[in-house]
Amino acid sequence: DAGITQSPRHKVTETGTPVTLRCHQTENHRYMYWYRQDPGHGLRLIHYSYGVKDTDKGEVSDGYSVSRSKTEDFLLTLESATSSQTSVYFCAISERAVYSNQPQHFGDGTRLSIL
Amino acid sequence: ELKVEQNPLFLSMQEGKNYTIYCNYSTTSDRLYWYRQDPGKSLESLFVLLSNGAVKQEGRLMASLDTKARLSTLHITAAVHDLSATYFCAVDSEGGPYTDKLIFGTGTRLQVFP
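The structure contained in this document is the topic of the report that follows. (Residues numbered from 1 in each chain as written. Chains lettered and ligands numbered in written order. Predicted model: local features only at pLDDT ≥ 70, side-chain atom pairs only at ≥ 80, totals over all residues. Heavy atoms only, no water.)

### Some remarks on the pairing of strand E9 (residues 87-94) of chain A
All names here are of chain A.
And step 1. Buried residues dominate E9, accounting for 8 of its 8 residues.
And step 2. Neither face of E9 is exposed, since Ser87, Tyr89, Cys91 and Ile93 on one face and Val88, Phe90, Ala92 and Ser94 on the opposite face are all buried.
And step 3. Here 7 bridges tie strand E4 (residues 31-38) to E9, and the two strands are oriented antiparallel to one another. Its bridge partner lying in E9, tyrosine 35 is registered against phenylalanine 90.
And step 4. Pairing of E9 with strand E11 (residues 110-114) involves 3 bridges; the strand directions are antiparallel. Note that in E11 the partner of tyrosine 89 across the bridge is threonine 110.
And step 5. Summarising the sheet, E9 and strand E10 (residues 105-106) pair through 2 bridges and their orientation is antiparallel. Residue pairing for E10: alanine 92 is matched across the bridge by phenylalanine 106. (Buried < 20%, exposed > 50% of the residue type's maximum accessible area, 1.4 Å probe, protein only. Helix = DSSP H or I, 4+ residues; strand = E, 2+ residues; numbered from the N terminus. Pairing = 2+ DSSP bridges.)

If you want it as structure tokens, here you go:
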């Protein structure tokens, strides 16, 4: 398995509270991604990072922020959680596909429930 | 806006039968990925298809890519219960050169019964 650890694995919190999810990798890959998975939508990209301090938005970035201060860590923050952000969150890592022909590798996911 | 559509969304098939899952996408891309997901688990990479006409096979699964038709297929031969899972296709969101921002299909849930 690719060395990707997501924490926490499960979290229940209340609307309006801040939440931070962590993704830690041991592969020294440059690219890291945050997705959310919801029934009927597949996986949707929230934010991604192409290097330390370099991040960009995905297709569903509203309400989320990210930070990457070290190669191995990519944090996803919900500043004020809403019930619509209840989902399963996956982190993924990769080297740039055009150079490596490798797919993105996924972590085990974080199940987040916002009441 | 890039759209990736899979069909069928749900497939119930008998062991030993053959079937094909289709993945259509709406913009140019010559790089397509297939993933498998078991319930409650992570996504596992199955195939990376890199160019028009690419065909890859692993066990009872074979994937192909037709970039001109914007279509990929995942063919299942002589299905067995262990293939029961959800299968996703994904393409680069900006077509190329490769940004690695993937757009996923909604998935095909495959159930194989005796």
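### Some details on the pattern of salt bridges
Residues and elements named next belong to chain A.
And step 1. Applying the stated criterion across every chain yields a total of 5 salt bridges over all chains.
And step 2. Among the ionic pairs, arginine 22 bridges to aspartate 73, the shortest N-O distance being 3.1 Å. One end of the pair, arginine 22, is in strand E3 (residues 19-25); the other, aspartate 73, is in strand E8 (residues 73-78), with 51 residues separating them in the sequence.
And step 3. We classify arginine 22 as partly exposed; its relative accessible area is 34%.
And step 4. Within the structure, one salt-bridge network assembled from shared partners comprises Arg22, Lys70 and Asp73. (Salt bridge = Lys/Arg side-chain N within 4 Å of Asp/Glu carboxyl O.)

### Some points on the side chain of B:Ser42
And step 1. Along the chain, the position of B:Ser42 falls in the loop between strand E4 (32-37) and strand E5 (43-49).
And step 2. Polar side-chain contacts of B:Ser42 include one of 3.3 Å to the backbone oxygen of A:Phe106.
And step 3. Polar contacts involving the side chain of B:Ser42 include one to the main-chain carbonyl oxygen of A:Gly107, which spans 2.6 Å. (Polar contact = N/O pair within 3.5 Å; in protein donor to acceptor, adjacent residues only side chain to side chain.)

### Considerations on the nonpolar core
And step 1. If you look at the biggest cluster of nonpolar residues, it comprises 26 residues, and the most contacted ones within it are B:Val4, B:Leu32, B:Trp34, B:Leu74, B:Ile76, B:Tyr87 and B:Leu110.
And step 2. Counting only elements with at least two residues in this core, the list comes to strand E2 (10-14), strand E3 (19-25), E4, E5, strand E7 (61-66), strand E8 (71-76), strand E9 (85-92) and strand E11 (108-113) of chain B.
And step 3. Per-element accounting of this core gives the leading share, 4 residues, to E9(B).
And step 4. The next biggest cluster of nonpolar side chains, apart from the first, holds 19 residues, and it includes A:Leu21, A:Cys23, A:Ala81 and A:Tyr89. (Core = buried A, V, L, I, M, F, W, Y, C linked by side-chain atoms within 4.5 Å.)

### Quick look at the packing of aromatic side chains
And step 1. For the coordinates displayed, the defined rule picks out 12 aromatic pairs over all chains.
And step 2. Pairing A:Tyr33 with A:Tyr48 gives two aromatic rings, centres 6.1 Å apart and planes at 15°, and the pair type is stacked. Of this pair, A:Tyr33 sits in strand E4 while A:Tyr48 sits in strand E5 (residues 42-51), placing them 15 residues apart in sequence. Side by side, A:Tyr33 and A:Tyr48 carry an identical accessibility label, which is buried.
And step 3. Relative to B:Phe104, the ring of A:Phe106 has its centre 6.1 Å away and its plane inclined at 80°; by these criteria the two rings are edge-to-face. Of this pair, A:Phe106 sits in strand E10 while B:Phe104 sits in strand E10 (residues 102-104), each in a different chain. For the residue pair A:Phe106 and B:Phe104, the accessibility class agrees, reading buried in each case.
And step 4. The rings of A:Tyr31, A:Tyr33, A:Tyr35, A:Tyr48, A:Tyr50, A:Phe90, A:Phe106, B:Tyr35, B:Phe88 and B:Phe104 are connected pair by pair, giving a single aromatic cluster. (Phe/Tyr/Trp six-rings, centres within 6.5 Å; stacked < 30°, edge-to-face > 60°.)

### Here we look at the state of the cysteines
And step 1. Across all of its chains, the model carries 2 disulfides over all chains by this definition.
And step 2. Disulfide pairing is shown between A:Cys23 and A:Cys91; the S-S distance is 1.9 Å. When the S-S torsion is -70°, as for the bridge of A:Cys23 with A:Cys91, the disulfide is left-handed. Residue A:Cys23 is located in strand E3, and its partner A:Cys91 is located in strand E9; the two are separated by 68 residues in the primary sequence. Of the two residues examined, A:Cys23 and A:Cys91, each falls in the buried class.
And step 3. Note that B:Cys23 is cross-linked by a disulfide to B:Cys89, the S-S spacing being 2.0 Å. On the S-S bond that ties B:Cys23 to B:Cys89, the torsion sits near 80°, and the link is right-handed. (Disulfide = S-S within 2.5 Å.)

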